[in-house]
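Chain by chain, the residues:
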Amino acid sequence: QAPSDFGRVTVSGQITEDVTWSADNEYILDGLVFVTGGATLTIEPGTTVRGKAGQNLNAAALIITRTGMIDAQGTPTQPIIFTAEFDEGLTKDDVGLWGGVILLGEATTSNETEKLIEGVNEITSDPALAGYGGTNDADNSGVMRYVSIRHSGINIGSSSGNEIQGLTMGAVGSGTTLEYIESFASGDDGFEWFGGTVNSKYLISAFNSDDGFDWDQGFRGKGQFWFAILDTDARGHAAEMDGASPDEATPYSNPTVSNVTYIGSGSSNTTSGNSSPLIEFRDNSAGFYTNSIFMADNAESVTVEDVAGSEVDSRARLEADELNITYSHFFDFGDEDKE
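Here goes a summary of the coordinates provided.

About the criteria used
Residues numbered from 1 in each chain as written. Predicted model: local features only at pLDDT ≥ 70, side-chain atom pairs only at ≥ 80, totals over all residues. Heavy atoms only, no water. Helix = DSSP H or I, 4+ residues; strand = E, 2+ residues; numbered from the N terminus. Rg over C-alpha atoms; globule rule 2.2 N^0.38 Å. Buried < 20%, exposed > 50% of the residue type's maximum accessible area, 1.4 Å probe, protein only. Contact = heavy atoms within 4.5 Å. Areas by Shrake-Rupley, 256 points an atom, 1.4 Å probe, with all protein chains shown as cover. Lys, Arg positive; Asp, Glu negative; His and termini not counted. Charge placed at Lys NZ, Arg CZ, Asp CG, Glu CD. Core = buried A, V, L, I, M, F, W, Y, C linked by side-chain atoms within 4.5 Å. Phe/Tyr/Trp six-rings, centres within 6.5 Å; stacked < 30°, edge-to-face > 60°. Lys NZ or Arg CZ within 6 Å of the ring centre and 35° of its normal. Pairing = 2+ DSSP bridges. Patch = residues over 30% accessible without salt bridge, like charges linked within 9 Å, V, L, I, M, F, W, Y side chains within 5 Å. Salt bridge = Lys/Arg side-chain N within 4 Å of Asp/Glu carboxyl O.

1. Brief notes about the overall build of the protein
In step 1: Per the secondary structure count, the protein includes two helices and 27 strands.
In step 2: In terms of overall size, the protein behaves like a compact globule, its C-alpha atoms giving a radius of gyration of 19 Å where 339 residues would be expected to give roughly 20 Å.
In step 3: If one aligns the C-alpha atoms of the protein with their principal axes, the spans along those axes are about 55 × 45 × 35 Å.
In step 4: A burial count over the protein gives 53% of its 339 residues as buried.
In step 5: Pairs at least 24 residues apart make up 70% of the contacts formed inside the protein by residues separated by at least 6 positions.
In step 6: With an accessible surface of roughly 13300 Å², the protein has 45% of that area assigned to carbon and sulfur atoms.
In step 7: Within the protein, the 53 negative side-chain charges are centred at a point lying 4 Å from the centre of the 16 positive side-chain charges.

This is the structure we're talking about:
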C-alpha cells in the first residue's frame, strides 16, 4: 500500500534517546538512520517503516549501532513491516528500492582490526556509527520477532556493488533474539552475517537477487528452521558460506544449522544466475547441517572449495570433520552439464 499523509513521520540522522514508534503512524526513513548512544528503538506490533527513495549517498536504511538496541516485537497477526516508500502493486521482481536493516554488535570476528560495514563506511567513517566487532560474544543488540523486510538492497555509498541485505548483521552476539523474520525481494542477499555468534530461528529468504543466506568473517551462531526459495530468474546460492577474511584468519565460520529447507529455481529451469550451486562452502568455512531438505534446482547441489596446495580451504575443514551434512535429503536436481 502507499503511505498516507495522515500519521506519516519522517525520521533522519541519529536517534540518541529511547523512542517508541507506534502502529498509529508510518515512519519514513530519510537517508541512513542510526540508533546509537545507548538508545533503544522500540517498534510496536503492526507498525510499518518505509525507506525513502534514494540510492548511493542518499540511500535509506535503519542501522542499530554497537551502542544502540532494537525492540521490534511483532505478532503473527500484527507483524512489523519494513518496506519501500511506495509499495502498492509491487511484486517479487521489484527489488532494491531502499537499503535495509543493519545490526552491529561487539562479538568477535576474524578481522584483525575493527571494520566498518560496507557502503555505510562511504557515508560515515565514524566507528561509533558504522563499526562492528569486539570481544563480547554474548553481546545483545535487542530483539526482532515477527518482522518482514521487503524490496531492500539498493546500492549504498559512493561505490557500485555496495548493496546491503534485507538484514545485515555485523558481529552480532548471542544475547540478541532473532525469530520469525522474512526477507523478501532483496536486490542482494536475504540475510548476511559478518562474524558474530547470534542464534536465529524461523528465517525466510524469498526471491532475492543474490544469496538466500550468506555468512563470513567467522560466523559461529546456530540456526534452526531456515527457509529459502530462489527466484526462477536472477539468483545466487540458497546459502553461500565463507570462512574468514583472509582465509587463514581465526575464528573461521563454523555454525550449526538444522531443520532447513532450501528450494532452488526448479530442476528443469535455467536462470541467468544458475551457474551457482544451491549451497557452497568456501574460504575455509566449516559448518554443520542436519535434518534438512535441499531440492529443486538445475545446478549442483553442494560444492566444497578445494584450493590446490592449501591447508586452509573448506576441503580441509571437511577432512577434519568440521564440515558435514547429516540426516538430510537431496532430491529433484536437474542434469545440467557440470564442469
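There is more to say, and it comes next.
2. Describing the nonpolar core
In step 1: Trp21, Leu62, Phe82, Met144, Trp193, Tyr262 and Tyr289 are the most contacted members of the largest nonpolar core, which has 52 residues in total.
In step 2: Contacts of Trp193, omitting those with residues within four sequence positions, involve Met169, Val198, Ser200, Leu203, Phe213, Asp214, Trp215, Asp216, Phe219 and Trp226.
In step 3: Listed in part, the 17 residues of the second largest apolar core include Ala59, Ala61, Ile156 and Phe194.

3. Description of the packing of aromatic side chains
In step 1: Evaluation of the coordinates by the stated rule reveals 21 aromatic pairs.
In step 2: Note on Phe184 and Phe207: the rings are 6.4 Å apart at their centroids and 90° apart in plane angle, and the pair reads as edge-to-face. Here Phe207 lies in the loop between strand 16 (199–206) and strand 17 (213–216) and Phe184 lies in strand 14 (residues 177–184), a separation of 23 residues in the sequence.
In step 3: Ring-pair connections join several aromatic residues into one group, and the members of that group are Phe191, Trp193, Phe213, Trp215, Phe219, Trp226, Tyr262, Phe281, Tyr289, Phe294, Phe330 and Phe333.
In step 4: The ring of Tyr252 is capped by Arg317, whose NZ or CZ atom sits 4.8 Å from the centre of that ring.

4. Some points on the pairing of strand 23 (residues 287–290)
In step 1: As judged from the three bridges shared by strand 20 (residues 256–258) and strand 23, these two strands associate in the parallel manner. Looking across to strand 23, one finds that Val257 is bridged to Tyr289.

5. A short note on a nonpolar patch on the surface
In step 1: Taken together, the side chains of Tyr180, Tyr202 and Phe225 present a nonpolar region at the surface, about 240 Å² in accessible area.
In step 2: In this structure, Phe225 sits in strand 18 (residues 222–229).

6. Observations regarding the pattern of salt bridges
In step 1: Taken as a whole and assessed by the stated rule, the structure comprises 16 salt bridges.
In step 2: With a shortest N-O distance of 3.1 Å, Arg145 and Glu179 are connected by a salt bridge. In this pair, Arg145 sits in strand 12 (residues 142–150) while Glu179 sits in strand 14, placing the two residues 34 residues apart along the sequence.
In step 3: Judged by relative accessible area, Arg145 falls into the partly exposed class, the value being 23%.
In step 4: When its relative accessible area of 22% is taken as the criterion, Glu179 is described as partly exposed.
In step 5: We note a salt bridge from Arg235 to Asp297, for which the minimum N-O separation is 3.1 Å. Residue Arg235 is located in the loop between strand 18 and strand 19 (239–242), and its partner Asp297 is located in strand 24 (residues 293–297); the two are separated by 62 residues in the primary sequence.
In step 6: Several salt bridges share partner residues, and in doing so they unite Glu240, Asp242, Arg282 and Asp283 into one network.

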